[in-house]
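Commentary on secondary and tertiary structure
Letter by letter, the chains look like this.
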Amino acid sequence: MSERERMEAGALYRFAGDAELMAMGARSRRLTRQYNATREDEGDRRRALLEELFGSVGEGAHVEPPLHCDYGCNVHAGARFFANFGLIVLDECRVAIGDNVMIGPRVSLCCAGHPIDAAVRTSGLEYGKPITIGNNVWIGAHTVVNPGVTIGDNTVIGSGSVVTKDVPANVVAAGNPCRVLRPITAEDAARWEVERDAYFRAVAAEAEG
C-alpha cells in the first residue's frame, strides 16, 4: 500500500518524505490560498475552486473564507452546505457532510490523530479516522469534531463543543466532552413554526404597505 492508501484506510502512515502526500498538501494550500483571496462578488470563481479542491460538492454550497484543508480531496459536501468564517478540515480520511448542513465560525473537523506513546509518535507515524455529518445538522461556533465521529441527521451541536464520540440523530448536544442534552421534540417544531409563520405574515403586511 502507498502512504496515501494507508492514510485514507485509517492505518498508521508516514507523511514526512512521501512525495504524493506532500504534493497533495501543496495542491490544497495553493487552492485554499486562491480561494481565500477571492472577493465577495466572485461567486462563480469560488464555486470552481471548491469543485477543484473538494472531492465533491453539492449545489448551492457556500463556504466563507478563510478556509483551510490538509488535502481537500477527501471532503465531500452535500447540497446547500454552508460554512462560516474559518473552517478547518484535516481530511486525512473521508469527511462526509450531508445536505443542508450549517457550520458556524471557527469550527474544526479533525480526522488526524497521533499515537499516544511518545516514542511511536516522534517516529513520524500518524493516522486518521473518518468523520460523517448527517443531513440538516447545525454545528455551533468554535466546535471541534474529533477523528472517527459520526453526527446524526437533524442534530444541533452547541458552540464551543468538543465532539469526541458519536452523537445520534434528532438531539441537542453540547459541552466538552460533548454530551446529549435533550431530544429535539414536536414542541420545538411547533414553536419554530409559529415564529416562521409570524415572520411571513409580517413580511406580507409590509409588502402590502
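So, a few notes on the structure that sits alongside this text. (Residues numbered from 1 in each chain as written. Predicted model: local features only at pLDDT ≥ 70, side-chain atom pairs only at ≥ 80, totals over all residues. Heavy atoms only, no water.)

Quick word on the pairing of strand S7 (residues 87–90)
Where burial is concerned, the two faces of S7 differ: the one with Leu 87 and Val 89 is buried and the one with Ile 88 and Leu 90 is not. The pairing of S7 with strand S10 (residues 108–110) spans three bridges and is classified as parallel. Within S10, the residue paired with Val 89 across the bridge is Leu 109. (Buried < 20%, exposed > 50% of the residue type's maximum accessible area, 1.4 Å probe, protein only. Helix = DSSP H or I, 4+ residues; strand = E, 2+ residues; numbered from the N terminus. Pairing = 2+ DSSP bridges.)

Examining the sheet that holds strand S4 (residues 67–69)
Spatially, the five strands line up as an open sheet ordered S4-S7-S10-S15-S18, and their pairing is parallel. With partners counted over all chains shown, the strands left at the sheet margins are S4 and strand S18 (162–163), one partner each. Direction of pairing for S4 relative to S7: parallel, over a ladder of three bridges. Across the sheet, the residue bridging to Cys 69 is Val 89, located in S7.

What to know about the nonpolar core
The biggest cluster of nonpolar side chains holds 38 residues, and the ones touching the most others in it are Phe 81 and Leu 109. Contributions of two or more residues to this core are made by helix H2 (19–36), helix H3 (43–53), S4, strand S5 (75–77), S7, strand S8 (95–97), strand S13 (131–133) and strand S19 (171–174). With three residues, the single largest contributor to this core is H3. Each residue touching Leu 109, except ones within four places of it in the same chain, is listed here: Leu 87, Ile 88, Val 89, Leu 90, Val 95, Ile 97, Ile 103, Ile 131, Ile 133 and Val 145. If you look at the next biggest cluster of nonpolar residues, it comprises five residues, including Tyr 13, Leu 21, Met 24 and Tyr 71. (Core = buried A, V, L, I, M, F, W, Y, C linked by side-chain atoms within 4.5 Å. Contact = heavy atoms within 4.5 Å.)

Regarding the sheet that holds strand S12 (residues 125–128)
Strand order in this open sheet of three strands is S1-S12-S11, and the pairing throughout is antiparallel. Either end of the sheet is taken by a strand with one partner, and the two such strands are strand S1 (13–14) and strand S11 (112–113).

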